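Report on the structure
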Amino acid sequence: MSDGLIAARIKVRREALGFTQDGVTKLLGFSDRQTLSAIENGDRRVSASELVRFAEVLAAPLTYFTDPFLLAGVGRFSWRQAGVPPQKLADYEEHAGRLIALYRALGTELGRRPPLLRQALGLTKASSYEEAMVAGERFAEEFGLGPVPSRRLAEVMQERLGILVLMVDAIRGVSGAACHLPELDAVLINRQEVAGRRHYDLAHELFHILTWDAMPPDHLEDTVAAPKGRVEQLADNFAAAVLMPSSVIAPFGPWADLADDALVSRLNDTAEALGVSASALRWRLVAAGMLTKGRAKTVDENALRNNGRKPVAVEAPPLFSRPFAELVTQAVDEGLISARKVAGLLDMPLDDVADAFAAQGVAFDPGL
């Protein structure tokens, strides 16, 4: 555990409790506030006895300050959710943070270095929705997402941008999240959502990762609230253009002169082929100038539900991701962490971990 992380956790915990530096200085018995300031800035190390005292004053267990598999103090989340009770989300955030912290800590142990440079979009809150769509179109083109962008997006995010993508069994009401750390970015997607929702959330959270410094997203994004904030609307326009660039959807046309039934059928079939929702495709066509808003409004929303297919059980993708499974397995094989410790951090039985990693094509030995 680095001194920098201990310092960050002291500061975060103090601020979370609403304590001032002067107040904590008195409780700790330091001679002046500068001592605490130096500790929180990482300029002064904390002794073992001082750390015990910090734990008492800040009402937190020692593990809060020393556990490398926590994100407390360094990771910032933005959640796409609807109606999740605050404490329930806070508990799940700690669990999700452990997944990311596990990847980060083991990566450090294995000598993996974070990217020297991190990609960013040249957009701000003052950018227009058209500029966000242009950025999405360019992203799909320049990163070679191909004729079905949804199929390659996660791969490109991981291999080309160094973003950790994790498919998870999130709590009810959570569809996805972005997490920003000084040396790592991560996106979590609820794998129990339908494919169109998963792909949209992935592209939406990608926008937040690529614009975090210019326009940090809110900690909570209510997916059913209206109207949406400007940053979320920019993210929506970017995501739609990434998944449905004009060069991809144009060949499925022409759209404007189709009769009602024919338009519904083509929207549903095209959306199914692209891994998006037919409703999202309809409005993307409007934004791309391939369908008028008036014509789009004549389409019965119910006819587009589930892309015109009969509801079936969601075929969820495998848990986690291959890069995650490979790194954790390598760390176990090299004796940096035990398989049992991994299972505990993932909150899964050992055999289930092995099965989840096997689904990613990675052999995990639960006996190590």
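The paragraphs below set out a description of the structure included in this document.

1. Considerations on the overall build of the protein
When helices and strands are counted, the protein shows 18 helices and 5 strands. Out of the 368 residues in the protein, the part that is buried amounts to 49%. Element-wise, carbon and sulfur atoms account for 52% of the exposed surface of the protein, whose accessible area totals about 17900 Å². The protein carries 40 positive and 48 negative side-chain charges, and their two centres are separated by 3 Å.

2. A look at helix H17 (residues 339-346)
Every buried residue belonging to H17 is among Ala339, Val342, Ala343, Leu345 and Leu346, and all of these are buried. Projection of H17 onto a plane perpendicular to its axis shows the buried side chains occupying an angular sector of 165°, all on one side. Residues of H17 that are exposed and point over 90 degrees away from its buried face: Arg340 and Gly344. For H17, the elements touching its buried residues are helix H6 (86-109), helix H16 (322-333) and helix H18 (350-359).

3. Some points on a nonpolar patch on the surface
Judged by side-chain polarity, Leu17, Phe19 and Leu27 come together as a nonpolar surface patch covering roughly 230 Å² of accessible area. Residue class for leucine 27 comes out partly exposed when judged on its relative accessible area of 45%.

4. So, the layout of surface pockets
Computed from the structure, the largest pocket encloses a volume of approximately 1500 Å³. Taken together, 50 residues form the lining of the largest pocket, with Gly196, Arg197, Val276, Ser277 and Ala280 sitting closest to its centre. Listing elements by their share of the lining of the largest pocket, those giving two or more residues are strand E1 (76-81), strand E3 (174-180), helix H9 (195-210), helix H10 (230-243), helix H12 (260-274), helix H13 (278-287) and helix H15 (301-304). With 7 residues, the single largest contributor to the lining of the largest pocket is H13. For the lining of the largest pocket, a count of residues per class yields 23 nonpolar, 13 polar and 14 charged. Its boundaries defined by the atoms lining it, the second largest pocket holds a volume of some 710 Å³. Taken together, 23 residues line the second largest pocket, and the ones lying closest to its centre are Val12, Ala72, Gly73, Gly75 and Glu93.

5. Considering the side chain of histidine 180
Tracing the backbone through its elements, the reader meets histidine 180 in strand E3. Once residues within four sequence positions are removed from consideration, histidine 180 is found in contact with Val74, Gly75, Arg76, Arg118, Asp185, Trp212 and Asp213.

6. Quick look at the pattern of salt bridges
Summed over the entire model, instances satisfying the criterion amount to 21 salt bridges. A salt bridge links arginine 98 to glutamate 94; its shortest N-O distance comes to 4.0 Å. Of the two residues, arginine 98 and glutamate 94 are both situated in helix H6; the distance of 4 residues between them amounts to about one turn of the helix. Owing to a relative accessible area of 44%, glutamate 94 belongs among the partly exposed residues under this scheme.

7. Topic: the packing of helix H2 (residues 21-28) against helix H3 (residues 33-40)
It is the contact of H2 with H3, at a shortest axis distance of 9 Å, that shows an interaxial angle of 105°. By the angle between their axes, H2 is roughly perpendicular relative to H3. From H2, Gln21, Asp22, Val24 and Thr25 reach across to H3, where they touch Arg33, Leu36, Ser37 and Glu40. When the residues that make up the contact of H2 with H3 are grouped by side-chain class, the tally is 2 nonpolar, 3 polar and 3 charged.

8. Some points on the nonpolar core
Core analysis: the biggest nonpolar cluster contains 54 residues, and Phe139, Leu153, Leu206, Phe207 and Phe238 have the highest contact counts within it. With 8 residues, the top contributor of residues to this core is H10. Once residues lying within four places of it in the same chain are set aside, the contact partners of leucine 206 are Phe139, Leu153, Met157, Leu161, Ile163 and Phe238. If you look at the next biggest cluster of nonpolar residues, it comprises 53 residues, including Phe69, Val84, Leu110 and Met348.

9. A word on the sheet that holds strand E5 (residues 220-222)
If you trace the 5 strands from one edge of the open sheet to the other, you get E2-E4-E3-E1-E5, paired in mixed fashion. Lying at the two open borders of the sheet, with one neighbouring strand each, are strand E2 (163-168) and E5. Neighbouring strand axes in the sheet, compared pairwise and without regard to direction, differ in orientation by 15° on average.

10. What about the environment of serine 265?
Examined against the element boundaries, serine 265 turns out to sit in helix H12. Residue serine 265 is classed as partly exposed on the basis of its relative accessible area of 36%. Serine 265 sits 79 residues away from glycine 344 along the chain, and the two C-alpha atoms are 48 Å apart.

Rules behind the numbers
- Residues numbered from 1 in each chain as written.
- Predicted model: local features only at pLDDT ≥ 70, side-chain atom pairs only at ≥ 80, totals over all residues.
- Heavy atoms only, no water.
- Helix = DSSP H or I, 4+ residues; strand = E, 2+ residues; numbered from the N terminus.
- Buried < 20%, exposed > 50% of the residue type's maximum accessible area, 1.4 Å probe, protein only.
- Areas by Shrake-Rupley, 256 points an atom, 1.4 Å probe, with all protein chains shown as cover.
- Lys, Arg positive; Asp, Glu negative; His and termini not counted.
- Charge placed at Lys NZ, Arg CZ, Asp CG, Glu CD.
- Arc of directions from axis to C-beta.
- Contact = heavy atoms within 4.5 Å.
- Patch = residues over 30% accessible without salt bridge, like charges linked within 9 Å, V, L, I, M, F, W, Y side chains within 5 Å.
- Salt bridge = Lys/Arg side-chain N within 4 Å of Asp/Glu carboxyl O.
- 1 Å grid on protein atoms, 1.4 Å probe; cavity = no way out; pocket = protein on both sides within 12 Å on 5 of 7 lines; lining within 4 Å.
- Points joined across faces, edges and corners; volume = space filled by probe spheres on them.
- Nonpolar A, V, L, I, M, F, W, Y, C, P; charged D, E, K, R; others polar.
- Axes fitted to C-alpha atoms, helices over the stretch in contact; angles between N-to-C directions.
- Parallel < 35°, antiparallel > 145°, perpendicular 65-115°, else oblique.
- Core = buried A, V, L, I, M, F, W, Y, C linked by side-chain atoms within 4.5 Å.
- Pairing = 2+ DSSP bridges.

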